[in-house]
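Structural description and commentary
Residues per chain, in single letters:
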Amino acid sequence: MHVIVCVKQVPDTTEVRVDPETNTLIREGVPSIINPYDAHAVEAAVSLKEEYGGKVTVISMGPPQAEEVMRRSIAIGADEGILLSDRNFAGSDTLATSYILAKGIKRLAEREPVDLILCGKQAIDGDTAQVGPGIAVRLNIPQLTYVMKIESVDIENREIIVHRKLEDKRVRAACKLPVLLTVVKDINEIRYASLPNLIKSARYKPNIWSQKELELDIQQIGLKGSPTSVSKIFAPPQRGKGEIIPGGQDSPDEAAGLLVQKLLITKIIANK
Ligand SMILES: Cc1cc2nc3c(=O)[nH]c(=O)nc-3n(C[C@H](O)[C@H](O)[C@H](O)COP(=O)(O)OP(=O)(O)OC[C@H]3O[C@@H](n4cnc5c(N)ncnc54)[C@H](O)[C@@H]3O)c2cc1C
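Only a predicted model underlies this, so the values are computations on that prediction, with no experimental measurement involved.

Notes on the overall build of the chain
- From N to C terminus, the chain includes seven helices and 11 strands.
- Principal-axis analysis of the C-alpha atoms places the extent of the chain at approximately 75 × 50 × 40 Å.
- Per-residue burial over the chain gives 42% buried out of 272 residues.
- Sequence-distant contacts in the chain: of pairs separated by 6 or more residues, those separated by 24 or more amount to 69%.
- Entry remark: accessible area of the chain is about 15900 Å², with carbon and sulfur atoms responsible for 52%.
- With 35 positive and 35 negative side-chain charges, the chain shows a separation of 3 Å between the mean positions of the two kinds.

What to know about the site of the ligand
- Within the structure, the ligand sits among 29 residues, and Lys8, Asp38, Thr94, Ala123 and Thr128 are positioned closest to it.
- A distance of 2.5 Å separates an oxygen atom of the ligand from a polar atom in the side chain of Asp38.
- Within the backbone of Ala129, one N or O atom sits 2.8 Å away from an oxygen atom of the ligand.
- Coverage of the ligand by the protein amounts to 87% of the 930 Å² it exposes when considered alone.

Quick look at the sheet that holds strand 5 (residues 80-84)
- Read across the open sheet, the nine strands follow the order 9-8-7-10-6-1-4-5-11; overall the sheet is mixed. Strands at the two margins of the open sheet, each flanked by one partner only, are strand 9 (170-176) and strand 11 (207-209). Taking the axes of each pair of neighbouring strands and ignoring which way they run, one obtains an average angle of 30 degrees across the sheet.
- Inspection of the sheet shows strand 6 (residues 116-120) paired to strand 10 (residues 179-183) by five bridges, in the parallel sense. Residue Ile117 lies in a different strand from strand 10, and its bridge partner there is Leu180.
- Taken strand by strand, helix 3 (residues 94-111) contacts strand 1 (2-6), strand 4 (55-61), strand 5, strand 6 and strand 11, and its axis lies near 150 degrees from that of strand 4.

Overview of the nonpolar core
- In terms of nonpolar packing, the biggest core is built from 37 residues, with Val5, Val42, Leu116, Leu118, Ile150, Ile160 and Leu181 touching the most fellow members.
- With seven residues, the top contributor of residues to this core is helix 1 (residues 36-52).
- Setting aside its immediate chain neighbours within four residues, Ile160 contacts Leu116, Ile150, Ser152, Val153, Ala173, Ala174, Cys175, Leu177, Val179 and Leu181.

Focus: a nonpolar patch on the surface
- Together, Leu195, Leu198 and Ile199 make up an exposed nonpolar region whose accessible area comes to about 280 Å².
- Here Ile199 lies in helix 5 (residues 195-203).
- When its relative accessible area of 41% is taken as the criterion, Ile199 is described as partly exposed.

Things to note about the domain arrangement of the chain
- The domain architecture assigned to the chain consists of domain 1 (2-220) and domain 2 (236-272).
- The C-alpha-based centres of domain 1 and domain 2 are spaced at 48 Å.

Considerations on the packing of aromatic side chains
- For the coordinates displayed, the defined rule picks out zero aromatic pairs.
- Positioned above the aromatic ring of Trp209, the side-chain terminus of Arg107 is 4.3 Å from the ring centre.
- Directly above the aromatic system of Tyr37 lies the positively charged group of Lys185, at a separation of 5.1 Å from the ring centroid.

Some remarks on the pattern of salt bridges
- Summed over the entire model, instances satisfying the criterion amount to 15 salt bridges.
- Here Glu68 ties to Arg71 by a salt bridge, and the two come within 3.3 Å at their closest N and O atoms. Taken as a pair, Glu68 and Arg71 lie in helix 2 (residues 67-76) at a separation of three residues, close to a single helical turn.
- Here Arg71 falls in the buried class, since its relative accessible area comes to 17%.
- Where Asp115 meets Arg158, a salt bridge forms, and the shortest distance between an N and an O atom there is 3.0 Å. Linking Asp115 in the loop between helix 3 and strand 6 with Arg158 in the loop between strand 7 (143-154) and strand 8 (159-165), this pair joins segments that are 43 residues apart in sequence.
- The exposure class assigned to Asp115 is buried, which follows from its relative accessible area of 12%.
- On the basis of relative accessible area, Arg158 is assigned to the partly exposed category, the value being 30%.
- Ionic contacts of the salt-bridge type, sharing partners, join the residues Lys55, Glu80, Arg111 and Glu112 into one network.

Thresholds applied
Residues numbered from 1 in each chain as written. Predicted model: local features only at pLDDT ≥ 70, side-chain atom pairs only at ≥ 80, totals over all residues. Heavy atoms only, no water. Helix = DSSP H or I, 4+ residues; strand = E, 2+ residues; numbered from the N terminus. Buried < 20%, exposed > 50% of the residue type's maximum accessible area, 1.4 Å probe, protein only. Contact = heavy atoms within 4.5 Å. Areas by Shrake-Rupley, 256 points an atom, 1.4 Å probe, with all protein chains shown as cover. Lys, Arg positive; Asp, Glu negative; His and termini not counted. Charge placed at Lys NZ, Arg CZ, Asp CG, Glu CD. Near = heavy atom within 4 Å. Polar contact = N/O pair within 3.5 Å; in protein donor to acceptor, adjacent residues only side chain to side chain. Pairing = 2+ DSSP bridges. Axes fitted to C-alpha atoms, helices over the stretch in contact; angles between N-to-C directions. Core = buried A, V, L, I, M, F, W, Y, C linked by side-chain atoms within 4.5 Å. Patch = residues over 30% accessible without salt bridge, like charges linked within 9 Å, V, L, I, M, F, W, Y side chains within 5 Å. Salt bridge = Lys/Arg side-chain N within 4 Å of Asp/Glu carboxyl O. Domains from an automatic or database assignment. Phe/Tyr/Trp six-rings, centres within 6.5 Å; stacked < 30°, edge-to-face > 60°. Lys NZ or Arg CZ within 6 Å of the ring centre and 35° of its normal.

Set out below in C-alpha cells:
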C-alpha cells in the first residue's frame, strides 16, 4: 500500500502574529514545526505500513527550509520526502496550494500507484481546512474529513473503514480506495523516533520538484493564481467577565426566578 501524507511547515504557535500592513505572517523569531495534525497523519501512515506493508511518502509545498518537516516525518518512519519548492509558488492561497500539491501527487502516482492520501484536519496558521478537500476534488477521488480512527483496510477489495469525529456524533464510513482522509489528533499518539530513524532523518535530503518539473500552469500558482486576498486580520474583542447571581443553589425554581429578575432589570427581556 502506498500512502502519501501532505505535511506543512508552520510557525510554532497557535497565536499567529500578522503584519497589519501586509496581512502576512510575521515569521521572525518564531521557530517552525511540522503542522501538529500532519504529524498525526504521518504516524497513521506509518502504522498502516506496519500493519499492511507498503510505503509512506511525504509531500510538502514550501520554501527550502521546509526540508525540516520532511526530516521530522522520516524520524517518525516515513520512507521518502518530496518538497515542491519554487519562487513562483510564493503567495499561493488554498486554491493554488491544492493545485500544486495535486500535481505533485499525480507525478508520484505515475511512478507508483497511490492508495491513500492523508492530510491534517487543518494547518494551525492558515486554519482554513480547505487544502485536503481541494486536493481530493482536483484528483477526482472521494474524501473523508475529521477521521479519528482507521478501523481497517481491505487491500484486496480496495476498501477502507474509518470513524469520523463530528461535533455531536461519530460516523463510521466505508469508502473505496484511493481516498483522501483528513485526520484529527485523536487518531493516535505520535511515537518517539527510533535511533535508526533519527540517524536516517539527520542525513536526509528530500527530492525537490520545481514548477518546470511539475509542468504547472503559471496562471494557477502563486499570487497570480490566488483569487483569495485576505483584506484584514484581527483578534475579536475579548468577551466581558461572566456574572454569577448569588442564591438559588438548592432550588431550580428560585434560580430561574433570580435569572428572570436579572434579565428584566437589564432589559434583555420585557414584562408584558
Ligand atoms: C491568517 C491567514 C489567513 C489566510 N486565509 C486564507 C483564506 O481565507 N483563503 C485562502 O485560500 N488562503 C488563506 N491563507 C493562505 C493559506 O495559509 C495558504 O493557502 C496555505 O498554503 C494553505 O492553507 P491553510 O494553511 O489554511 O491549510 P489547511 O487547508 O488548513 O491545511 C489542511 C491540510 O492540508 C495540507 N497542507 C496545507 N498546506 C500545505 C502545504 N503547503 N504543503 C503540504 N501540505 C499542506 C496539510 O496536510 C494540512 O494539515 C491565509 C493565510 C493566513 C496566514
